[in-house]
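The lines below spell out each chain.
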Amino acid sequence: MMWDGIIIGGGLAGLVAGIRAQERGKQVLLISEGAGSLTFAAGVLDFGRMEELQAQENHPYALLGEQAVRDAFRYLIGLCPVYHGEWGRPQAVLTPLGMLRQADLVPFRLDASPLAGAREIILMAPEGLKDFFPEVVKTNLQKQFPGAAVRLQRLRVEEFTNWHRVGKPVPATVYAKFWCTRQGALTLQNLLQETALEVRSGLNPVMVIPGLSSAFCPGLAQTLDKAPWPVVEVTSFPPSPAGQGLYETLKEEFRALGGELLIGSGVGRVEIESQAVRRVIVKSRGKETAFAARAFVLATGGLFGRGITVSPTEVREAVFGLPLYVPAEWSGSAFLGEQPYARTGIAVDDRLRPRHPISRELLLTNVHVAGRMLAHWDPWLERCGGGVSLASGFLAGELL
Amino acid sequence: MSRYSVQVAIIGGGATGVGILRDLSLRGISALLIEQGDLAHGTSSRFHGLLHSGARYAVKDPVSALECAQENAILKRIAPNCIVSSGGWFVQRPEDDPGYVEAWLQGCRAAHIPVLEVPVSQARRQEPLLAKDILRVFEVPDAAVDGFKLVWDNARSARCHGGRYLTYHRVDEVRRDGNQVVGVRGKNLLTGEDFAVESSLVVNAAGAWADRIAASAGVSLEVVCDKGTLLAFNHRLFQRVINRLRSSGDGDIFVPHETITIFGTTSQRVEDPLDNQPTELEVKQLLSLGSALLPGLTEQRVIRVFAGVRPLHGEDSELNEPSGQAAGREVSRTFALIDHEAVEGIRGFLSVVGGKFTTYRLMAEKASDWAAAKLGSTSPCRTAQEPLLPDVPESLYREAQALLPCAAAEKMLERLGEEALPVLEAVRQDPGKGQLLCECEMVTVAEVEKAVADEDAHHLADVRRKTRLGMGTCQGAFCAYRALPLMWREGNKYDPLGVELIRFLNQRWKGIRPALWGEQLRETEFTRAIYAGLLALKESDGDSGGTA
Ligand SMILES: Cc1cc2nc3c(=O)[nH]c(=O)nc-3n(C[C@H](O)[C@H](O)[C@H](O)COP(=O)(O)OP(=O)(O)OC[C@H]3O[C@@H](n4cnc5c(N)ncnc54)[C@H](O)[C@@H]3O)c2cc1C
Ligand SMILES: Cc1cc2nc3c(=O)[nH]c(=O)nc-3n(C[C@H](O)[C@H](O)[C@H](O)COP(=O)(O)OP(=O)(O)OC[C@H]3O[C@@H](n4cnc5c(N)ncnc54)[C@H](O)[C@@H]3O)c2cc1C
């Protein structure tokens, strides 16, 4: 069979490319080795400072242009209406330590703005929630909202008694899953009612609950809607319920549109003829299968996704062996400062097709590169991880 | 200003300094040790961790060989919890000079180092990663020693016998009254406050900094700083120490420690003890040299690179040319005791320089003999017989095994000995504290909690040195975060958490940067995603007062 498009890599960029192409009536196969980085990510999406980044020669935003990035921004809200955001007006969300940070697209209830008007903050602390430190979060909230009294309320769930007895911490994703069950929703409802008795509504109370994500769980959202005060969620240390929610939602959407998913084995070899990729070969349980398509998207996630591998002697693009932009200076002395290595990737033209980083000659005519595989950007320093991956994935889906 | 009064002031909290503190304390002589950082802040935590059998020095330096052979046996007896008697092999390759083998065997005989030839076929079976084309293999009693543990155990033992130490106190001057030394003065680096120690004797055990200490007393001392770079791999590549059987050179020793292997080293003269930043070039050269003993070494995962500075005593050297890349290794590694009375007529001032970690006890014994003689004390040295720590009672073992996973229990008891008692008590009361906070090195929440609360811990890095937190493959990405609430509970003892975190990440980064490839690079991407992405920390949060 000849596919219209094959997408290699099923992270944010690859999934969005696949969804967009299916919407456009293309028959798409998505092949992914692993689940990608979304399940580790906060679930909020950052777009960074458009103007500044666009002015950087070679930055993905410079190639994409502001309009394409804005289109992708709006596209995601259409795709997942639980995301809220207004272009150019970042919202505040809570970090796992309870500090405020900004993000551009935020699942409903991760938005921390209700805290600004609160005179009482009720911080729920689910017992044994892994990598959540109630006292630290409480201190940080108190410091940032001096006008509110922060109250810590421990929360104990029957369901996890055995975990607590042996001292095993409960990961946020496990707690989140429980709240999504019928029994979980009931438990939470009771807890809210009990708490309501102690809260005086005149104080504009706001409740902060970590370890769940109501945006991706309608039953839970309904329960929280009924709460007599606003509820604010907290982004999670990995693995994260909201990140996982976005990942599952995108996967389902792709399937629902008729896209074919092959997760668990990666593309090993490829066949290239006169600057065009003909087939990619997947090895699974010792058996090789070849897949042919008219066009391909390479969204294998860069260094973290293993789309780029680095040895002491070589920096390699793993699937096609494409030449990469590799900065002359590899690293910088301040860990969270400029790290040139992070800008390693594939140089592309305005149709996201790979070109030689120096001669700029076009290398493959039917491959589009997206997400972390692109050269000349740093998601952490520039705070644009979601924006670049989303916008380049969206464009790749348009081009397939 | 804080004032102290003791019989002997010791400058430097490396192996040599704490060894002297313990020796004097066991003799009933009052002593105070002053260290500018945490204990083992200097070379004693930036070394290979090889408890020499002496075989490495058998040809070039017979005195060192003999000293090492004797001390090797003594330390295995008095500090078994700090030493893994893995044994060591000397391996000859086809290109290595066969004449050297004969000279080496003779040297080992002379130093009474037991040597056993291992058939090559057996050697290949026992160490599958070892190069196949080797010619001969000899076994010697080399061992792996944990520098942190040994330094801390000396300090603890000294404390039990009345010895005291001040960390984060820098000595700025050795004070004299005419030709008589009367003590030292300096600064408490945590509070900025001045301090002064009154003592009739001062021992300078400041390692690579010893010349500066001497200069502050107005005497001269030549110390050669010789930088050596080491690589830590994430696996136990070999089961025993592997040496190359040839005239000592760069990159010819592998020392397995717990789950990792340390490989090195290099030798390069540097001007300053703080010139200890390894370079990517050194790493690549080492990898290529090491491939002779372990083919495919380049493919192995380097989790960290670090360098230490050997404090070598310049005047002992015959081949003491000041320049030249490899010159450092030719300077004798036997130590020197310099009584400045004999040289410059300054009374009450002794400098101890050179030597090796393996011979720290012997150096301490000699230094303490000097002090005892000056003070008219006749109590003999007991450090060659008296174990560093009392044996861990069987009941404690059983209790630990019942509460914690087997391997975690064992590691904790090795680190803490009897001091594991309160940790176990905490776990019994709250099983959650038995969870592994550091999964790489199997350190429990309760143990980190204890280390964080310890009066000697002032930064997250101090906690790391005691618990090995952040030393494994994740290099702190997870455990640094998990230590935060424990530090938070200590109130103002630590800097704001964001400051502590960024300082810790940058310290770890120093050791990751020179080998930034493979899985460690991927881990780096992840760590930046967590700290700069999820937690939204910026480099500038490291110097502001944010709580993060
Ligand atoms: C800890 C963490 C925190 C984050 N926080 C934020 C945040 O706060 N804000 C924000 O906007 N973004 C955040 N992100 C998200 C991040 O910015 C995006 O996920 C990123 O841009 C990468 O998306 P991607 O689709 O290019 O790659 P990935 O999500 O890494 O996906 C690549 C996929 O390709 C697969 N693959 C690799 N090689 C092959 C092969 N040969 N064959 C088949 N498949 C292959 C991989 O298995 C993987 O599934 C965070 C990410 C992480 C890890
Ligand atoms: C790369 C390398 C590998 C090595 N490998 C081995 C090995 O495998 N086996 C072995 O036996 N030996 C080895 N050695 C040698 C061994 O590490 C050193 O000889 C030994 O650690 C020196 O201990 P020390 O106490 O004399 O010095 P240090 O440990 O350096 O202690 C001196 C202390 O003095 C403190 N200080 C300095 N100035 C002041 C001041 N003004 N005020 C207060 N305090 C001050 C410093 O902070 C420091 O902590 C190696 C050395 C290097 C560099």
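Computed from a predicted model, the values in this text were never measured in an experiment.

1. Concerning the overall build of chain A
Looking only at helices and strands, chain A features 12 helices and 17 strands. By the compact-globule yardstick of 21 Å for 400 residues, chain A fits well, its C-alpha radius of gyration being 23 Å. Taken over the C-alpha atoms alone, chain A extends approximately 75 × 45 × 40 Å along its principal axes. Taking all 400 residues of chain A together, 57% fall into the buried category. Long-range pairs, those at least 24 residues apart, make up 65% of the contacts in chain A between residues at least 6 apart in sequence. In the structure as shown, chain A presents an accessible area of about 16,300 Å², 49% of it carried by carbon and sulfur atoms. Treating the 40 positive side-chain charges of chain A as one cloud and the 39 negative ones as another, the clouds have centres 4 Å apart.

2. Some thoughts on the pairing of strand β6 (residues 88-92) of chain B
All names here are of chain B. The element β6 is largely enclosed, with a buried count of five among its five residues. Two elements, β6 and strand β8 (residues 136-140), share five bridges in a ladder whose sense is antiparallel. Residue pairing in the sheet places Phe90 in a bridge with Phe138 of β8. Across four bridges, β6 lies against strand β16 (residues 241-244) in parallel orientation. By the bridge assignment, Phe90 is partnered in β16 with Asn243.

3. With respect to the site of ligand 1
For ligand 1, the set of nearby residues contains 37 residues, the closest of which are Gly34, Asp46, Arg372, Gly386 and Ser389 of chain A. Here Ser32 of chain A contributes a side-chain N or O atom positioned 3.1 Å from an oxygen atom of ligand 1. Within the backbone of Arg372 of chain A, one N or O atom sits 2.8 Å away from an oxygen atom of ligand 1. When ligand 1 is considered free in solution it has 1,000 Å² of accessible area, and contact with the protein chains removes 96% of it. Every element with two or more residues in the shell around ligand 1 is listed here: α1 (12-23), β2 (28-32), α10 (302-305) and α12 (385-399) of chain A together with α18 (518-534) of chain B. Residue composition of the shell around ligand 1, by class: 18 nonpolar, 15 polar and four charged.

4. Details of the interface of chain B and chain A
Taken together, the 45 residues of chain B in the interface contact 46 residues of chain A. Roughly 4,300 Å² of surface becomes buried between chain B and chain A when both sides are summed, with 64% attributable to carbon and sulfur atoms. When residues of chain B are sorted by the area they lose upon contact with chain A, Tyr481, Arg528 and Leu534 of chain B head the list and together hold 19% of the total. Here Arg482 of chain B and Asp131 of chain A are joined by a salt bridge, their closest N and O atoms 2.6 Å apart. Between the two partners, chain B and chain A, sit 23 residue pairs in polar contact (both at pLDDT 80 or more). Those elements giving two or more residues to the side of chain B that touches chain A turn out to be α7 (280-290), α16 (479-488), α17 (497-512) and α18 of chain B.

5. As for the state of the cysteines
Residue and element names in this part refer to chain A. Going through the model one piece at a time under the given rule, you end up with one disulfide over all chains. The disulfide bridge from Cys180 ends at Cys217, spanning 2.5 Å between sulfur atoms. Of this pair, Cys180 sits in the loop between α6 (172-179) and α7 (182-198) while Cys217 sits in the loop between β9 (205-209) and α8 (218-225), placing them 37 residues apart in sequence. Counting only cysteine sulfurs, Cys80 is the nearest neighbor of Cys384, a cysteine outside any disulfide, at a range of 20 Å. Residue Cys384 is classed as buried on the basis of its relative accessible area, which comes to 0%.

6. Comments concerning the environment of His368 of chain A
Residues and elements named next belong to chain A. Looking at where His368 falls in the secondary structure, it is placed in strand β17 (residues 367-369). Judged by its relative accessible area of 3%, His368 is buried. As a C-alpha pair, His368 and Phe296 span 72 residues in sequence and 6.3 Å in three-dimensional space. Excluding residues that lie within four positions of it along the chain, His368 makes contacts with Phe296, Val297, Leu298, Arg351, Leu352, Arg353, Ala396, Leu399 and Leu400.

7. A look at the packing of aromatic side chains
Inspection of the entire model under this criterion finds 26 aromatic pairs over all chains. With a centroid separation of 4.3 Å and 25° between ring planes, the pair formed by Phe254 of chain B and Phe263 of chain B is classed as stacked. A relative accessible area of 0% places Phe263 of chain B in the buried class. Here the aromatic residues Phe40, Phe133, Phe237 and Phe304 of chain A together with Phe478, Tyr481 and Phe526 of chain B are joined through ring pairs into a cluster of three or more. Geometry around Tyr57 of chain B places Lys356 of chain B over its ring, the cationic atom sitting 4.5 Å from the centre. Above the plane of the ring of Trp152 of chain B lies Lys466 of chain B, whose end atom (NZ or CZ) is 4.1 Å from the centre.

8. Brief notes about empty space enclosed by the protein
All names here are of chain B. Under the criterion given, the structure shown has six cavities of 30 Å³ or more. Estimates place the volume of the largest cavity at around 180 Å³. As for the largest cavity, its lining consists of 17 residues, of which Arg156, Arg415, Leu416, Lys466 and Thr467 are closest to the centre. Those elements that provide at least two residues to the lining of the largest cavity are α5 (147-160), α12 (406-416), α14 (445-453) and α15 (460-467). Here the lining of the largest cavity gets five residues from one element, more than from any other, and that element is α5. Across the lining of the largest cavity, the residue classes tally to four nonpolar, one polar and 12 charged. Counting the residues that make up the lining of the largest cavity, at least three belong to each of domain 1 (2-43 + 148-223 + 333-375) and domain 3 (394-534).

9. Quick notes on the domain arrangement of chain B
All names here are of chain B. Under the domain assignment used here, chain B contains domain 1 (2-43 + 148-223 + 333-375), domain 2 (57-144 + 224-314) and domain 3 (394-534). Summarising the inter-unit geometry, the C-alpha centres of domain 2 and domain 3 are found 29 Å apart. Counting from both sides, the interface comprises 17 residues of domain 2 and, opposite them, 18 residues of domain 3. A combined buried area of about 1,600 Å² lies between domain 2 and domain 3, and 47% of that area is made up of carbon and sulfur atoms. Taken as a group, Arg301, Ile303 and Arg304 account for 37% of the area that domain 2 buries against domain 3, more than any other trio of residues on that side. Arg301 is the partner of Glu523 in a salt bridge, and the nearest nitrogen-oxygen pair spans 3.6 Å. In this structure, the connection of domain 2 to domain 3 is made through seven residue pairs in polar contact (both at pLDDT 80 or more). Looking at the side of domain 2 that touches domain 3, the elements that each hand over two or more residues are α7 and β20 (302-313).

Reading the values: the criteria
- Residues numbered from 1 in each chain as written.
- Chains lettered and ligands numbered in written order.
- Predicted model: local features only at pLDDT ≥ 70, side-chain atom pairs only at ≥ 80, totals over all residues.
- Heavy atoms only, no water.
- Helix = DSSP H or I, 4+ residues; strand = E, 2+ residues; numbered from the N terminus.
- Rg over C-alpha atoms; globule rule 2.2 N^0.38 Å.
- Buried < 20%, exposed > 50% of the residue type's maximum accessible area, 1.4 Å probe, protein only.
- Contact = heavy atoms within 4.5 Å.
- Areas by Shrake-Rupley, 256 points an atom, 1.4 Å probe, with all protein chains shown as cover.
- Lys, Arg positive; Asp, Glu negative; His and termini not counted.
- Charge placed at Lys NZ, Arg CZ, Asp CG, Glu CD.
- Pairing = 2+ DSSP bridges.
- Near = heavy atom within 4 Å.
- Polar contact = N/O pair within 3.5 Å; in protein donor to acceptor, adjacent residues only side chain to side chain.
- Nonpolar A, V, L, I, M, F, W, Y, C, P; charged D, E, K, R; others polar.
- Buried area = accessible area lost by both parts, 1.4 Å probe.
- Salt bridge = Lys/Arg side-chain N within 4 Å of Asp/Glu carboxyl O.
- Disulfide = S-S within 2.5 Å.
- Phe/Tyr/Trp six-rings, centres within 6.5 Å; stacked < 30°, edge-to-face > 60°.
- Lys NZ or Arg CZ within 6 Å of the ring centre and 35° of its normal.
- 1 Å grid on protein atoms, 1.4 Å probe; cavity = no way out; pocket = protein on both sides within 12 Å on 5 of 7 lines; lining within 4 Å.
- Points joined across faces, edges and corners; volume = space filled by probe spheres on them.
- Domains from an automatic or database assignment.

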